[in-house]
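Results of the structural survey
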Amino acid sequence: MRKIFLTLIAFTTIFSVFGQRDETFLSNPSLKLTGVWFSSSFSTPHIVTKNPDAVGEIFALEFNKDYLVGGENMDWHTETNSLGEVDITAKSLFVGYSHDGFKVIHPTIGFSIGRARLETDGHVPLKTTTSLASVGAEFNVFRWFRLGGEVGYRHIVTPENTWLESNDFSGPYAAIRLKFGWSWGK
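Quantities reported herein were computed from a predicted structural model and do not represent experimental measurements. (Residues numbered from 1 in each chain as written. Predicted model: local features only at pLDDT ≥ 70, side-chain atom pairs only at ≥ 80, totals over all residues. Heavy atoms only, no water.)

Moving on, we get to the overall build of the protein chain. When helices and strands are tallied, the protein chain shows one helix and eight strands. Mapped from its N terminus to its C terminus, the protein chain presents α and β elements in the order α-β-β-β-β-β-β-β-β. The burial tally for the protein chain puts 37% of its 186 residues in the buried class. For the protein chain, the proportion of contacts with a sequence separation of at least 24, taken over those separated by at least 6, is 56%. (Helix = DSSP H or I, 4+ residues; strand = E, 2+ residues; numbered from the N terminus. Buried < 20%, exposed > 50% of the residue type's maximum accessible area, 1.4 Å probe, protein only. Contact = heavy atoms within 4.5 Å.)

Structure representation (structure tokens):
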């Protein structure tokens, strides 16, 4: 009786091992594309300058209903006492997270890092690196439209021996974000 029982357990184990399918990235990816989003933001950067304004766009793919990966473009125009009018353009890689994005109101976090170009009259254009981290919340107005607000910190790296001062353009900011797109799947 014991040999029959051990034989049945052995056959059950062997057949169950051979009965399983291997998961591959292409046949069962752990990250599933669940949406596409475009957002436009209007922010008031806290810059030691006059009349700062910044406008930005993000194009991102949504994965697993919560994660966003895409690109961000930001354009700032401001006036400083020492440099006059300064234009800053940044192109960055964006990574974000929306916790329970299907709920009416949900928290968000975002991070971006990329290249920035600073231009002002009388100086050679300057290329540098910028990064941004933010936290906020979104309100689902329609399935295809979300309204959000965020606060964060923007940092622009200051290369040595340039006309850029270390704390001229880095600092906290607040923004309103309009997000358009579609999210599907579960």
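Still more ground to cover, so stick around.
This brings us to the environment of L31. Along the chain, the position of L31 falls in the loop between α1 (2–19) and β1 (33–45). When the C-alpha atoms of L31 and Y67 are compared, they prove to be 9.3 Å apart, with 36 residues separating the residues in sequence. The contacts of L31, once residues within four sequence positions are left out, are F63 and N64.

Our focus in this paragraph is the pattern of salt bridges. A complete count under the given rule lists five salt bridges for this structure. Of the charged contacts, one joins E119 and R117 as a salt bridge, the two residues approaching to 2.6 Å between their closest N and O atoms. Where R177 meets E150, a salt bridge forms, and the shortest distance between an N and an O atom there is 2.9 Å. Highlighted residues: R177 in strand β8 (residues 171–183) and E150 in strand β7 (residues 145–156), separated in sequence by 27 residues. Classification of R177 by relative accessible area gives buried; the value is 10%. Taking the relative accessible area as the measure of exposure, E150 reaches 13% and is therefore buried. Several salt bridges share partner residues, and in doing so they unite E138, R146 and K179 into one network. (Salt bridge = Lys/Arg side-chain N within 4 Å of Asp/Glu carboxyl O.)

Turning next to unusual backbone geometry. Phi is mostly negative for residues that are not glycine, and the peptide bonds are mostly trans. Phi is positive for N64, close to 55 degrees, though the residue is something other than glycine. Here N64 is to be found in the loop between β2 (50–63) and β3 (67–80). For N64, a relative accessible area of 27% corresponds to the partly exposed category. Despite not being glycine, D100 has its phi angle at roughly 55 degrees, a positive value.

With that settled, the discussion passes to the side chain of T130. With respect to the secondary-structure elements, T130 resides in strand β6 (residues 126–142). The exposure class assigned to T130 is buried, which follows from its relative accessible area of 4%. At 3.1 Å, the side chain of T130 forms a polar contact with the backbone oxygen of H155. Residues contacting T130, with those up to four places away along its chain left out, are W76, A90, S92, S112, I113, G114, R115, A116, R154, H155 and I156. (Polar contact = N/O pair within 3.5 Å; in protein donor to acceptor, adjacent residues only side chain to side chain.)

Ranked by internal contacts, the top residues of the largest apolar core, which has 13 residues, are W76, I88, L118 and F169. Put simply, the parts of the chain that give this core at least two residues each are β3, β4 (84–98) and β5 (105–120). Take this core: its biggest share by element is three residues, from β4. What I88 contacts, discounting residues up to four positions off in sequence, is M74, D75, W76, R117, L118, I156 and F169. Ranked by size, the runner-up nonpolar core spans five residues in total, among them W37, I58, A60 and L68. (Core = buried A, V, L, I, M, F, W, Y, C linked by side-chain atoms within 4.5 Å.)

Below, the discussion takes up a negative patch on the surface. The grouping of D75, E85, D87 and D121 at the surface amounts to a negative patch. On the secondary structure map, D87 appears in strand β4. Owing to a relative accessible area of 37%, D87 belongs among the partly exposed residues under this scheme. (Patch = residues over 30% accessible without salt bridge, like charges linked within 9 Å, V, L, I, M, F, W, Y side chains within 5 Å. Areas by Shrake-Rupley, 256 points an atom, 1.4 Å probe, with all protein chains shown as cover. Lys, Arg positive; Asp, Glu negative; His and termini not counted. Charge placed at Lys NZ, Arg CZ, Asp CG, Glu CD.)

Before going further, it helps to examine the pairing of β7. In the case of a regular strand, side chains alternate between the two sheet surfaces. The sheet contact formed by β6 and β7 spans 12 bridges and is antiparallel. Bridge pairing links S134 to G152 in β7. Linkage of β6 to β7, two consecutive antiparallel strands, is achieved through a turn of two residues. (Pairing = 2+ DSSP bridges.)

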